[in-house]
Amino acid sequence: MDIRADAEGRPDRAVVRDALAVGVAVGLSGFAFGVTSAGSGLTVWQTCALSLMVFTGASQFALVGALAAGGNPLTAAAGAFFLGVRNAFYGLRLSQSLALPRAVRPFAAHWVIDETTAVSLAQRGRRAARIGFAVTGLTLYLLWNLTTLLGALGAEAIGDTDAWGLDVAGPAVFLALLAPMLKTAVERAVAGLAVLLGLGLLPVLPAGVPVLAAALAAPAMLYVEGRRAAGREAAGREAAGREAAGRDDSGQEEER
């Protein structure tokens, strides 16, 4: 294996090692998706087609979860779509760091997901970013689709997935992937509010709609944080004004 590195990045071997670790760890969770999808009523071929053509885990879990709860297919698809929109913003950022040839971009776009973005942006040089993106994307795509097939076949073999408790496999994997990403207090607050909205509205709204409503947690917390920042800024200006006034008063007393 080539152990070279570009002028700013890490050795190729280290990048490949980290990319493989991410690809294998996340790729194996495709089994949970396969089980969940088959349990929601989709056939093996429909389940595999979702992984092959959609290939964005959170959106796939959201779609089959809403269908399993009896939601309208259009509502379920809308929820999955809104979750997948984030990949478009990832693509804008990666287009600068990867700078791939124009002919390659349509194919690379299919691999623009959370994991490939995270591995690529963690590198400092363009060569390392490209290697990280390619290795993570290829490993994850192959494993995700293979384990999706195995999960769907396994779900058909065991019959009722609810009886085995496998209906919670998808949400559990999704939470396990999400939790390490919540690093700041604001991010944790957004996640907590989204959970409260989703669970609170679940009994009163059709299946699939609470997921869409939970997305309101982000703008709500951004608004609250903006108000707090404005309040801190105003308090800082007021304190600075009082301090300046105090210095002026002291200066006048000294002149007297």
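Residues numbered from 1 in each chain as written. Predicted model: local features only at pLDDT ≥ 70, side-chain atom pairs only at ≥ 80, totals over all residues. Heavy atoms only, no water.

A. Molecular detail of the overall build of the protein chain. Each helix and strand in the protein chain was counted, giving 13 helices and zero strands. Shown N-terminal to C-terminal, the secondary structure of the protein chain runs as helices and strands in the order α-α-α-α-α-α-α-α-α-α-α-α-α. Buried positions account for 34% of the 256 residues belonging to the protein chain. A fraction of 70% describes how many contacts in the protein chain between residues 6 or more apart in sequence connect residues 24 or more apart. Entry remark: accessible area of the protein chain is about 14,900 Å², with carbon and sulfur atoms responsible for 67%. (Helix = DSSP H or I, 4+ residues; strand = E, 2+ residues; numbered from the N terminus. Buried < 20%, exposed > 50% of the residue type's maximum accessible area, 1.4 Å probe, protein only. Contact = heavy atoms within 4.5 Å. Areas by Shrake-Rupley, 256 points an atom, 1.4 Å probe, with all protein chains shown as cover.)

B. Just the layout of surface pockets, in detail. Quantified by volume, the second largest pocket comes out at close to 220 Å³. Taken together, Asn87, Gly91, Leu94, Ser95, Leu98, Ala99, Leu100, Arg105, Ala108, Ala109, Val112 and Phe133 make up the lining of the second largest pocket. Listed by contribution, the elements that provide at least two residues to the lining of the second largest pocket are α6 (86–98) and α7 (105–108). Of the residues forming the lining of the second largest pocket, the biggest block, five residues, is contributed by α6. (1 Å grid on protein atoms, 1.4 Å probe; cavity = no way out; pocket = protein on both sides within 12 Å on 5 of 7 lines; lining within 4 Å. Points joined across faces, edges and corners; volume = space filled by probe spheres on them.)

C. Region of the structure containing the nonpolar core. Ranked by internal contacts, the top residues of the largest apolar core, which has 16 residues, are Phe33, Leu50, Phe55, Leu140 and Trp144. Contributing elements (two or more residues each) for this core: α2 (30–39), α4 (57–68), α5 (73–84) and α9 (126–158). (Core = buried A, V, L, I, M, F, W, Y, C linked by side-chain atoms within 4.5 Å.)

D. Fine view of the packing of α2 against helix α3 (residues 44–53). Running from N to C, α2 and α3 cross one another at 135 degrees; their axes reach a closest spacing of 9 Å. Judged by the angle between their axes, α2 and α3 are oblique. Every pair of crossing elements has a handedness; the one defined by α2 and α3 is right-handed. Side by side, α2 and α3 meet where Phe33, Gly34, Ser37 and Ala38 of the first sit next to Thr47, Leu50 and Ser51 of the second. (Axes fitted to C-alpha atoms, helices over the stretch in contact; angles between N-to-C directions. Parallel < 35°, antiparallel > 145°, perpendicular 65-115°, else oblique. Left-handed = near helix turned anticlockwise from the far one by under 90°.)

E. Main features of the environment of Leu140. When you line up the elements, Leu140 lands in helix α9. What makes Leu140 buried here is its relative accessible area of 2%. Once the C-alpha coordinates of Leu140 and Gly27 are considered, the two residues, 113 residues apart in sequence, prove to be 4.8 Å apart. Here Leu140 is in contact with Gly23, Val26, Gly27, Phe55, Ile113 and Glu115, once residues within four sequence places are set aside.

F. Structural context of the packing of aromatic side chains. Counted by the stated rule, this structure contains five aromatic pairs. The interplanar angle of 20 degrees and the centroid separation of 6.1 Å between the aromatic rings of Phe33 and Trp144 together place this pair among those described as stacked. You can see Phe33 sitting in helix α2 and its partner Trp144 sitting in helix α9, a full 111 residues away along the chain. Across this residue pair, the class does not change: Phe33 and Trp144 are buried. (Phe/Tyr/Trp six-rings, centres within 6.5 Å; stacked < 30°, edge-to-face > 60°.)

G. Region of interest: the packing of α2 against α4. Here α2 crosses α4 at 20 degrees, and the two axes come no closer than 9 Å. The orientation of α2 relative to α4 falls into the category roughly parallel. Crossing of α2 against α4: the hand is left-handed. Where α2 approaches α4, its residues Ala32, Phe33, Thr36 and Ser37 are matched on the opposing element by Gln60, Phe61 and Val64.

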